[in-house]
Amino acid sequence: MADDDDFPPGAGPTNGISVTLTAGTLQAIRERVGKRGVSAYLEKAAQRQIERDNLDELIADFETVHGPADPEAVAAKRARLTGSTADAGAAA
């Protein structure tokens, strides 16, 4: 693959790499997806991590401009979305 190719996460041709995992992590993955599902599982996990990293960057940019979010407002919005009480979200 050329260095100037630009693909979003989850797109483009596949490439084989070598990764090192602890025995317990690899065992847990294989128990979930079987021996032949490890690559697909790791691909999805990497995509989710990239999404989380991007979201963390977006939140940091927002907080730089607007300041940190009000914990009580966040708890109230969480309660509205989840149907729980606002106090339950404040502890999280």
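Since this is a predicted model, take the numbers as computed values, not measurements.

Engineer: Help me understand a nonpolar patch on the surface in this model?
Structural biologist: On the surface, Ile-17, Val-19 and Leu-21 cluster together into a nonpolar patch covering about 290 Å² of accessible area. The topology assignment puts Ile-17 in the segment before α1 (23-33).

Engineer: Mind showing me how you'd approach helix α2 (residues 38-66) here?
Structural biologist: Residues three or four positions apart in an α-helix share a direction because the helix packs 3.6 residues into each turn. For α2, with 29 residues, the first-to-last C-alpha span of 41 Å sits near the 42 Å given by 1.5 Å per residue. Of the residues flanking the end of α2, it is Gly-67, one or two places downstream, whose phi is positive at about 85°.

Engineer: Please explain the side chain of Gln-47 as it appears in this structure.
Structural biologist: Secondary-structure assignment places Gln-47 in helix α2. Residue Gln-47 is classed as buried on the basis of its relative accessible area, which comes to 18%. Setting aside chain neighbours within four positions, we find Gln-47 in contact with Pro-9 and Gly-10.

Engineer: What exactly am I supposed to notice about a negative patch on the surface here?
Structural biologist: Side chains of Asp-53, Asp-56, Glu-57 and Asp-61 sit close together on the surface and give a patch of like negative charge. Turning to its location among the elements, Asp-56 is positioned in helix α2.

Engineer: Can you help me understand the confidence of the model for the protein chain in this one?
Structural biologist: Interpretation of the predicted coordinates at a detailed level should be avoided for regions scoring low in pLDDT. For the protein chain, mean pLDDT is 90; residues scoring 70 or higher make up 88% of the total. Of all helices and strands in the protein chain, the one with the weakest mean pLDDT is helix α4 (residues 86-90) (54), whereas α1 scores best (98).

Engineer: It is not clear to me how the layout of surface pockets should be interpreted in this structure. Could you clarify?
Structural biologist: Of the voids in this model, the largest pocket is the one considered here, and its volume is about 760 Å³. In this structure, the largest pocket is lined by 23 residues; those nearest its centre are Pro-13, Thr-14, Asn-15, Ile-17 and Glu-43. Broken down by element, the lining of the largest pocket gets its largest block of residues, seven residues, from α2.

So, how was this worked out
Residues numbered from 1 in each chain as written. Predicted model: local features only at pLDDT ≥ 70, side-chain atom pairs only at ≥ 80, totals over all residues. Heavy atoms only, no water. Patch = residues over 30% accessible without salt bridge, like charges linked within 9 Å, V, L, I, M, F, W, Y side chains within 5 Å. Areas by Shrake-Rupley, 256 points an atom, 1.4 Å probe, with all protein chains shown as cover. Salt bridge = Lys/Arg side-chain N within 4 Å of Asp/Glu carboxyl O. Helix = DSSP H or I, 4+ residues; strand = E, 2+ residues; numbered from the N terminus. Expected span 1.5 Å × (residues − 1). Buried < 20%, exposed > 50% of the residue type's maximum accessible area, 1.4 Å probe, protein only. Contact = heavy atoms within 4.5 Å. Lys, Arg positive; Asp, Glu negative; His and termini not counted. Charge placed at Lys NZ, Arg CZ, Asp CG, Glu CD. pLDDT = per-residue confidence, 0-100. 1 Å grid on protein atoms, 1.4 Å probe; cavity = no way out; pocket = protein on both sides within 12 Å on 5 of 7 lines; lining within 4 Å. Points joined across faces, edges and corners; volume = space filled by probe spheres on them.

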